[in-house]
Amino acid sequence: QVRVVESGGGLVQPGGSLRLSCAASGSIFSLNTMGWYRQAPGKGRELVATMSSRSTIDYSDSVKGRFTISRDNAKNTVYLQMNSLKPEDTAVYYCKLEMLGGDYWGQGTQVTVSS
């Protein structure tokens, strides 16, 4: 069974930083894309950033320049370094693993940006 688990969420002040981690385990194909999506209260789930195993990266315009996605292929782990956080970034952040065999979602981790 493939598992995707996020960690690193929490409460941060505006302008602060937070680093999220997502580890995938199980039968992981070497060619895949892992990424982050978020869902704020009353809104749909939106793309934050994705990164393929070949290092192709895609960012949402709303986080470009503030967030950085990276990954360790050997560990099947993807990271999201979030800087200059804003209250609008408050959401549940979900990790997604996309492979030819299917898509897998993590349980989500809460990020709250507030004074």
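Our structure's up above, just so we're on the same page.
Reading the values: rules and limits
Residues numbered from 1 in each chain as written. Predicted model: local features only at pLDDT ≥ 70, side-chain atom pairs only at ≥ 80, totals over all residues. Heavy atoms only, no water. Phe/Tyr/Trp six-rings, centres within 6.5 Å; stacked < 30°, edge-to-face > 60°. Lys NZ or Arg CZ within 6 Å of the ring centre and 35° of its normal. Core = buried A, V, L, I, M, F, W, Y, C linked by side-chain atoms within 4.5 Å. Buried < 20%, exposed > 50% of the residue type's maximum accessible area, 1.4 Å probe, protein only. Helix = DSSP H or I, 4+ residues; strand = E, 2+ residues; numbered from the N terminus. Contact = heavy atoms within 4.5 Å. Pairing = 2+ DSSP bridges. Axes fitted to C-alpha atoms, helices over the stretch in contact; angles between N-to-C directions.

(A) Main features of the packing of aromatic side chains. Tallying each qualifying case throughout the model produces 1 aromatic pair. One residue, R45, lies across the ring of Y94, its end atom 3.8 Å from the ring centre. Looking at R45, its charged tip hangs above the ring of W105, at a distance of 4.6 Å from the centre.

(B) A look at the nonpolar core. Formed by 28 residues in total, the largest nonpolar core has its most connected members in W36, L80, M82 and Y93. By residue number, the principal contributor to this core is strand β9 (residues 91-99), which donates 5 residues. Each residue touching M82, except ones within four places of it in the same chain, is listed here: G16, S17, L18, L20, R66, F67, Y93 and V111.

(C) A look at the sheet that holds strand β1 (residues 3-7). Pairing is antiparallel across the open sheet formed by 4 strands, whose spatial order is β1-β3-β8-β7. Where the open sheet ends on each side, the last strands, each with one partner, are β1 and β7 (67-72). Sheet twist, expressed as the mean angle between neighbouring strand axes with direction ignored, is 15°.

(D) A look at the pairing of strand β11 (residues 109-113). Here β11 shows one buried face, formed by T109, V111 and V113, and one open face, formed by Q110 and T112. In the sheet, strand β2 (residues 10-12) pairs with β11 via 3 bridges, with the strands oriented parallel. Each bridged residue has a counterpart across the sheet, and for V12 the counterpart in β11 is V113. The sheet contact formed by β9 and β11 spans 3 bridges and is antiparallel.

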